[in-house]
Amino acid sequence: MTEIESLAQLERAVARARGASASMRRWQVQGLDLTTHEDALRGLDPRGALFLGCTISKATADRLRAGGALIFPAVPDVPFDPWRARLYTPAELYEGIESGYEHTPDARIYAWTRAASRGSLRSLLAQALHDSSIDDALEEHTRKRRIVGVMGGHALTRDEPAYAEAAHLAHELAGTGLTVATGGGPGAMEAASLGARLAEHPVDTLDAVLRRIMEVPAYRPDIADWARSAMESTRDLADSGRSLGIPTWHYGHEPPNPFSSVVAKYFRNAVREDVLLDVCTSGIVFLPGAAGTVQEVFQAACRNYYAPVEHVAPMVFVGREYWTQTLPAWPLLTALALGRPFEPGVHLVDDTSQVREVLAEERPSD
């Protein structure tokens, strides 16, 4: 398919088609307002083209259908674009934050999920279309990236030493060219997103931001203050582009952190968890966390258990006491890994300073 997700791409495709076959065959046109380009489309053979959620006149749509194109219209009465062609940015999700978090697209979409009828086919269809579109955009974003995941607890606050440690770890990993993926939420996920975002700045710059955001340590009681402090602290700092957040509106009471370079936000948490672990082909680091992190531990272990050796993702656990005594997942995990191809790739370290060396040994080609 020729994916067309901007008017500039459309104009180039039209020019090529006019000089060749005059055909739109295998075009996939997604989420565009085509009203200013309908004359150009009328001069081409639409057979085999696919139009997803585009704005177009009825007359032109009828002609395209009659000529063999497949047209999926926009879904009305939902506060999001089910056919969106790009990942979100924090600025997009937090647009209008000056008037309070409840006025942002992120909050309004979450409120819609809470109000939508559970058995409503329309709402279920809109969510499924949206998540499939995010899948496609995420695949494009990650295609040539080496991605390492950093998983950890959402309850960690900005004024705790472990927050700074997570930020420094991600800063170091992203500084080697890796993209750091997280669950996109607060706590350890936010810290890792921040460190990766500032990968092209010296560590002194990261430390200065850490000191500034300590003034609003948590998203409770005011999400707006928490988000604004983050955005203001990095407004004039270049973004490395190596911070990827993958959150979900299933946990919409926890806002997405504002430090991700891009955000692949899903409705279905089961899909989001699977996608998050799937993209982390260069390894996964597990910082101390609770139920969500433990779920990711064993979901990643299950993937590795059945994977051929060339597809095993290294797993690095930070905090010997935590993973052997506080939440003793380590003994069960090592028993599960015994004799399997992923056994050599499972590591337990004392602190974050050891992670980079372990991952470098696992993936020397990275």
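In what follows, the accompanying structure is described. Here the structure is a predicted model, which is why all the values come from computation and not from measurement.

Some points on the overall build of the chain
- The number of helices and strands found in the chain is 15 helices and 11 strands.
- Compactness check: the chain gives a C-alpha radius of gyration of 22 Å against a globular reference of 21 Å for 366 residues, within 12% of the reference.
- When the 366 residues of the chain are sorted by exposure, 52% land in the buried category.
- Taking as baseline every contact in the chain between residues at least 6 positions apart, the subset at least 24 positions apart corresponds to 67%.
- Summing over all exposed atoms, the chain offers an accessible surface of approximately 16,700 Å²; the carbon and sulfur share of this is 52%.
- For the chain, the distance from the average site of its 36 positive side-chain charges to the average site of its 48 negative ones is 8 Å.

So, the sheet that holds strand S9 (residues 284–286)
- Across the sheet, which stays open at both edges, the 7 strands sit in the order S8-S7-S6-S5-S9-S10-S11 with parallel pairing between neighbours. The open sheet has two edge strands, strand S8 (262–263) and strand S11 (346–349), and neither has a second partner.
- Pairing analysis gives 2 bridges linking strand S7 (residues 243–245) to S8, with the strands arranged parallel. Of the residues in S8, the one forming a bridge with Leu244 is Val262.

Examining the sheet that holds strand S2 (residues 27–30)
- Taken in spatial order, the 4 strands of this open sheet run S1-S2-S3-S4, and their pairing is parallel. The open sheet has two free edges, formed respectively by strand S1 (2–4) and strand S4 (70–72), since each of these has just one partner strand. Each neighbouring strand pair of the sheet contributes to a mean axis angle of 10°, computed without reference to strand direction.
- Taken together, the 3 bridges between S1 and S2 define a ladder with parallel strand orientation. Within the sheet, the bridge partner assigned to Glu3 lies in S2 and is Gln28.
- Against the sheet, helix H1 (residues 7–18) contacts S1 and S2, and its axis sits at roughly 135° relative to S1.

Side note on the environment of Asp136
- Along the chain, the position of Asp136 falls in helix H6 (residues 121–142).
- On a C-alpha basis, the gap between Asp136 and Met315 in space is 26 Å, while along the polypeptide they are 179 residues apart.

Re the pattern of salt bridges
- Within the structure shown, the criterion is met by 18 salt bridges.
- For the salt bridge of Arg143 with Glu139, the shortest nitrogen-to-oxygen distance reads 2.5 Å.
- Arg272 is the partner of Glu273 in a salt bridge, and the nearest nitrogen-oxygen pair spans 3.2 Å.
- Accessibility expressed as a relative area gives 3% for Glu273, which makes it buried.
- Linked by salt bridges that have partners in common, Glu38, Asp39 and Arg42 make up one network.

A short note on the pairing of strand S10 (residues 315–318)
- Burial of S10 is two-sided: the residues Met315 and Phe317 facing one way and the residues Val316 and Val318 facing the other way are all buried.
- Summarising the sheet, S9 and S10 pair through 3 bridges and their orientation is parallel. Along S10, the bridge assignment pairs Ile284 with Met315.
- Between the parallel elements S9 and S10, the chain passes through helix H12 (residues 291–306) in a crossover that is right-handed.
- For S10 and S11, the ladder comprises 4 bridges, and the chain directions are parallel.

Quick notes on the packing of helix H7 (residues 161–175) against helix H8 (residues 188–197)
- At a minimum axis separation of 7 Å, H7 and H8 run at an interaxial angle of 40°. On the basis of their axis angle, the class for H7 and H8 is oblique. Considering how the two elements wind past one another, H7 and H8 form a crossing that is right-handed. Listed contacts from H8 to Tyr163, Ala166, Ala167, Ala170, His171 and Ala174 of H7 are Ala188, Glu190, Ala191, Ala192, Leu194, Gly195 and Ala196.

Some thoughts on the nonpolar core
- Leu138, Phe286 and Phe317 are the most contacted members of the largest nonpolar core, which totals 51 residues.
- Here this core takes 5 residues from H6, the largest share from any one element.
- Setting aside residues no more than four positions away along its own chain, Phe317 makes contact with Phe286, Val297, Trp323, Trp330, Leu333, Val346, His347, Leu348 and Val349.

Here's the deal with the packing of aromatic side chains
- For the structure on display, the rule yields 13 aromatic pairs.
- Geometrically, the ring pair formed by Phe286 and Phe317 is stacked, given 4.9 Å between the ring centres and 15° between the ring planes. Separated by 31 residues along the polypeptide, Phe286 in strand S9 and Phe317 in strand S10 bring together distant segments of the chain. The same class applies to Phe286 as to Phe317, namely buried.

A short note on the pairing of S2
- Alternating positions in S2 separate into two faces, Trp27 and Val29 on one and Gln28 and Gln30 on the other, with burial throughout.
- Assessed by its sense of winding, the connection that carries the chain from S1 through H1 to S2 is right-handed.
- One ladder, built from 3 bridges, connects S2 with strand S3 (residues 50–52); its direction is parallel. Within the sheet, the bridge partner assigned to Gln28 lies in S3 and is Leu50.

Rules and cut-offs
- Residues numbered from 1 in each chain as written.
- Predicted model: local features only at pLDDT ≥ 70, side-chain atom pairs only at ≥ 80, totals over all residues.
- Heavy atoms only, no water.
- Helix = DSSP H or I, 4+ residues; strand = E, 2+ residues; numbered from the N terminus.
- Rg over C-alpha atoms; globule rule 2.2 N^0.38 Å.
- Buried < 20%, exposed > 50% of the residue type's maximum accessible area, 1.4 Å probe, protein only.
- Contact = heavy atoms within 4.5 Å.
- Areas by Shrake-Rupley, 256 points an atom, 1.4 Å probe, with all protein chains shown as cover.
- Lys, Arg positive; Asp, Glu negative; His and termini not counted.
- Charge placed at Lys NZ, Arg CZ, Asp CG, Glu CD.
- Pairing = 2+ DSSP bridges.
- Axes fitted to C-alpha atoms, helices over the stretch in contact; angles between N-to-C directions.
- Salt bridge = Lys/Arg side-chain N within 4 Å of Asp/Glu carboxyl O.
- Right-handed = clockwise from strand over helix to strand, strands pointing away.
- Parallel < 35°, antiparallel > 145°, perpendicular 65-115°, else oblique.
- Left-handed = near helix turned anticlockwise from the far one by under 90°.
- Core = buried A, V, L, I, M, F, W, Y, C linked by side-chain atoms within 4.5 Å.
- Phe/Tyr/Trp six-rings, centres within 6.5 Å; stacked < 30°, edge-to-face > 60°.

Keep in mind that these numbers describe shape and distance, not what the molecule does.
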